[in-house]
Amino acid sequence: MPSPRNALLSVSDRTGLIDLGRALRGAGYTIYATGGTQAFLAQRGIEAVEIGELTGFPALADGRVKTLHPKVFAGILADREKPRHLQELTEHAIPRIDVVVCNLYPFEATVGRPGVTIGEAIEQIDIGGVSLIRAAAKNFAGELCVLVDPDQYPAFIEHLQSGRYPDTQERKALAVRAFERVAEYDAAIARYMEAGQSGAALPGSLALTMPLESPLRYGENPQARAAFYLPAGQPFPKQLQGKALSYNNLLDLDAALRLLARPTVPAGHPGLSAGASTRVAIVKHTVPCGVAERASVGEAVRVALDADRISAFGGIVASDAPIDGEAANALGAFFLEIVAAPAFTPDALAVFAKKKNLRVLLVEPSLPRRLLGELRVRSALGGVLADEPDPSNAPEAWEVVSKRVPEGREWSDLLFAWGIVRWVKSNGAVIAKDRVSWGVCGGQTNRVWAVSIAGERAGEHARGAVCATDGFFPFADGLEAAAAAGCTAVVAPRGSIRDAEVVAAADRAGIALVFSTHRFFLH
C-alpha cells in the first residue's frame, strides 16, 4: 500500500469500533469520520477528522446529507491504475480512501418494533451509507477494502498488525459481502413498503435476499450442504440447550409451531368453546403425530404422547404454554429432538439438563400466528412459487348439509380437527375426539385411503369421533370410510360434482356432515 493511508468510518453499530480505530491509527491511517462516529472516537482518544472538514460542508437536511460529495466519492472511486484519476485527486486536494467502514441505519430493527410509524421508518432509510458501500465494493480491485459488519473487524485488525494488506481475493470477498448487505437492506425496505400497498396484489418483484443466520451441518440428507437464512431483525427462537439445529429440525419446528395457531371460527360454527386450554403438538417429518388440548400443560403433553407413542419417538414437541416439571418428566421418558415453548420452569429445565443433546427452544408466543400470515415460497422449475392469505377472499363459512346436526362436543372437535388437517400433506385426514388427534394420515394418492388409514390408526378412539379432510370427497366412499371407522361427524370442503351423493351417504349413516367454503391442500 502506498502512503499516506486513509480510512473513512461511518457507522451506526459501534461494536468493535474502538479496537478498529486504534488499530487504524496504530498502522498510520488518517481517519475521516461522520459526525457521530467522529465524536465517539474522539471521546475515547482516537483522532479522527470530521467529514465536514474534508467536504467543506456541514451536515445538511437534518443529517440526511453528509458524505454525498465529490471529495468523498472521488477518493473512493478513483481507479488506481489510471494516472488521470490520480492526477485529478491531487489537483482537487482529495485524499485517496483505502478503507471504508460503514454499517447502515438500523432500518430492520426499527420496523421490527411495535407501533413504528411510516415517518420513523423512512428516517432510517440510509442513503449515504449505501452509496459509500457500493462505491467501495466496486473499487475492490483498486486496493480498497470495505467492511460492513463488526464481525469482519478482527481479521482486518490482524492484517493491520501484521503489515500485510488484504490481497485481491480477500478484498473481493469483502466486496461480495458488501453487495449482499446492500441487497438485504434494500429488500427489507421493499418488503416494508409493500406491506402498505393494496392487498389485491402480490409483490411485483420477489426479493429473497437474506443474511446468513447459520450454516448447517448438512441439508435434508448428509450428501447435501445447507444453510439457514433469516431477514435481519426477524425474531428467532432462543436455544437454551442442546445440539445445533439441523435442516430437518428447522422444517419440523416450523410445522409444529403452525399447529399451535388455533383456527379462526368460521361463520356457521356456533363458536362453542371448551374453555381455556393448553395446546401441545408433536411432529415427525413435518407430519402431526399427536395434538391435544387440555386444561394443564402436563395433561396436554401426556395425551398428545398417547395419541401416537410410536411416532413420537424422535419427534419435535411444541407447546403454547410454559413447560413445567410435570410436563418435562412426561417428555423425559421419550427420545425427542426439540421441545419448544414460550417459557420453562426451573424444574423443567433441570429435567431437560440431563439430556444434553435435547434442543430446548424459547419461542415468542406470537410466532405461530405470525407464521400463518407470511408469504410462503418454494422452488419449482428453476423459479419460485409464492402464496399468502388473500385478504380479498371471502371469509370461511360452514354449512351443515346433512339431516343430523353436530352436537356440542362434535362442534368443538370438528374445529379442532379442521385446524390440524390443513397442516397434513394432501390427501390428508384427521380423526379427533375430545380435542385429541387420535388418527392422522397424509400424503395419500386418494382420499378414501387417507380416511381409512386415519381410522385404523385411531382404533377404538374413532368411535364417536369426528373426521376432517383437507379436500372434498370426490366419491361417497371417503365419507363411508369415516362412518365405518365409527365417526359421527365430518367436515370437508364442498365442491365435488358428487356432493349430493356424499350428503346422501351421510344421511344413510346418520352422520353429521359440514361443508366448508375453504380448501386446505398441502403439497
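Residues numbered from 1 in each chain as written. Predicted model: local features only at pLDDT ≥ 70, side-chain atom pairs only at ≥ 80, totals over all residues. Heavy atoms only, no water.

S.K.: Looking at this structure, I do not really get the packing of aromatic side chains. What am I missing?
M.R.: The relation between two aromatic rings is expressed through the spacing of the ring centres and the mutual angle of the planes. Tallied over the full model, the rule gives eight aromatic pairs. Ring-pair connections join several aromatic residues into one group, and the members of that group are Trp398, Trp411, Trp418 and Phe520. The side chain of Arg519 reaches across the aromatic face of Phe521, ending 3.8 Å from its centre. (Phe/Tyr/Trp six-rings, centres within 6.5 Å; stacked < 30°, edge-to-face > 60°. Lys NZ or Arg CZ within 6 Å of the ring centre and 35° of its normal.)

S.K.: Please explain the sheet that holds strand β8 (residues 238-241) as it appears in this structure.
M.R.: Strand pairs in the sheet, formed through backbone hydrogen bonds, run parallel or antiparallel to each other. Taken together, the six strands give an open sheet; going across it, the order is β8-β13-β12-β11-β9-β10, and neighbouring strands pair in mixed fashion. Two strands lie at the open edges of the sheet, namely β8 and β10 (287-294), each paired on one side alone. The mean angle between the axes of side-by-side strands here comes to 20°, regardless of whether they run parallel or antiparallel. Where strand β9 (residues 278-284) and strand β11 (residues 315-319) come together, four bridges link them in antiparallel fashion. The partner of Val283 across the bridge, within β11, is Ile316. Across the sheet, helix α11 (residues 247-260) lies against β9, β10, β11, β12 (336-341) and β13 (359-362), angled at about 150° from β9, the strand it touches most. (Pairing = 2+ DSSP bridges. Helix = DSSP H or I, 4+ residues; strand = E, 2+ residues; numbered from the N terminus. Axes fitted to C-alpha atoms, helices over the stretch in contact; angles between N-to-C directions. Contact = heavy atoms within 4.5 Å.)

S.K.: Quick question: what am I supposed to make of the nonpolar core here?
M.R.: The tendency in soluble globular proteins is for nonpolar side chains to be buried side by side. If you look at the biggest cluster of nonpolar residues, it comprises 56 residues, and the most contacted ones within it are Ile323, Phe352, Ile431 and Leu479. Take this core: its biggest share by element is seven residues, from helix α12 (residues 297-307). Mapped onto the domain boundaries, this core takes at least three residues apiece from domain 2 (241-374) and domain 3 (398-516). Leu250, Leu260, Ile420 and Val466 belong to the second-largest nonpolar core, a separate cluster that totals 42 residues. (Core = buried A, V, L, I, M, F, W, Y, C linked by side-chain atoms within 4.5 Å. Buried < 20%, exposed > 50% of the residue type's maximum accessible area, 1.4 Å probe, protein only. Domains from an automatic or database assignment.)

S.K.: Where do I start with the sheet that holds strand β17 (residues 429-432) in this structure?
M.R.: Judged by pairing direction, the sheet is mixed, and its six strands sit side by side in the order β16-β21-β20-β19-β17-β18 without closing on themselves. The sheet terminates laterally at β16 (398-400) and β18 (437-441), the two strands that pair on one side only. Between one strand axis and the next, the sheet turns through 20° on average, direction left out of account. Bridge count between strand β20 (residues 489-493) and strand β21 (residues 512-516): five bridges; the pairing is parallel. Among the inter-strand pairings, Val490 is bridged to a residue of β21, identified as Leu513.

S.K.: Help me understand the side chain of Ser496, please; the structure alone is not making it clear to me.
M.R.: Relative to the assigned elements, Ser496 resides in the loop between β20 and α20 (499-509). Take Ser496: its relative accessible area is 8%, and that puts it in the buried class. Side-chain polar atoms of Ser496 contact the backbone oxygen of Phe473, separated by 3.1 Å. A polar atom in the side chain of Ser496 sits 2.9 Å from the backbone nitrogen of Arg498. In this structure Ser496 touches Phe472, Phe473 and Pro474, once residues within four positions along its chain are discounted. (Polar contact = N/O pair within 3.5 Å; in protein donor to acceptor, adjacent residues only side chain to side chain.)

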